[in-house]
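A structural walkthrough
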Amino acid sequence: MKGNRTRACEGAYAQPQTLRSHWCGTDYDADAIFVVVNRDDGAQKLYQQIQSSPIWQGLKAVKANHVYAIPDQPWVDYSALGSKMALDDAEKMFAK
């Protein structure tokens, strides 16, 4: 991974209110995107802004409808049980 791409991603997270053209999504045009969005109104509003941006809409995963909104638990639980539960969820998602 190139260092400048890592810094671009870090910059996107450091300033979540803006979505810049150097956002890491443009450098890494993924086949699938997993998104954890907090339930609070501010996070929901920001996610809606991101979804309406041309950068987001131009991503391969978005065009293919391969964006998966996932809950924070068990996906960000770093225990063995949480990891197993997240893998079970992923298997169900990809089996569709």
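You'll find the structure just up there.
This write-up is about the structure you can find in this document. (Residues numbered from 1 in each chain as written. Predicted model: local features only at pLDDT ≥ 70, side-chain atom pairs only at ≥ 80, totals over all residues. Heavy atoms only, no water.)

Bringing the pattern of salt bridges into the picture now. This model, assessed by the stated rule, comprises 2 salt bridges. Here lysine 84 ties to aspartate 88 by a salt bridge, and the two come within 2.9 Å at their closest N and O atoms. Of this pair, lysine 84 and aspartate 88 both sit in helix α7 (residues 80-95), 4 residues apart, which is roughly one turn of the helix. Of the residues examined, aspartate 88 reaches a relative accessible area of 29% and is grouped as partly exposed. (Salt bridge = Lys/Arg side-chain N within 4 Å of Asp/Glu carboxyl O. Helix = DSSP H or I, 4+ residues; strand = E, 2+ residues; numbered from the N terminus. Buried < 20%, exposed > 50% of the residue type's maximum accessible area, 1.4 Å probe, protein only.)

Further remarks concern the environment of phenylalanine 34. Inspection of the secondary structure puts phenylalanine 34 in strand β1 (residues 33-36). Placed 41 residues apart in sequence, phenylalanine 34 and tryptophan 75 show a C-alpha to C-alpha distance of 9.9 Å. Here phenylalanine 34 is in contact with Tyr68, Ile70, Trp75, Met93 and Phe94, once residues within four sequence places are set aside. (Contact = heavy atoms within 4.5 Å.)

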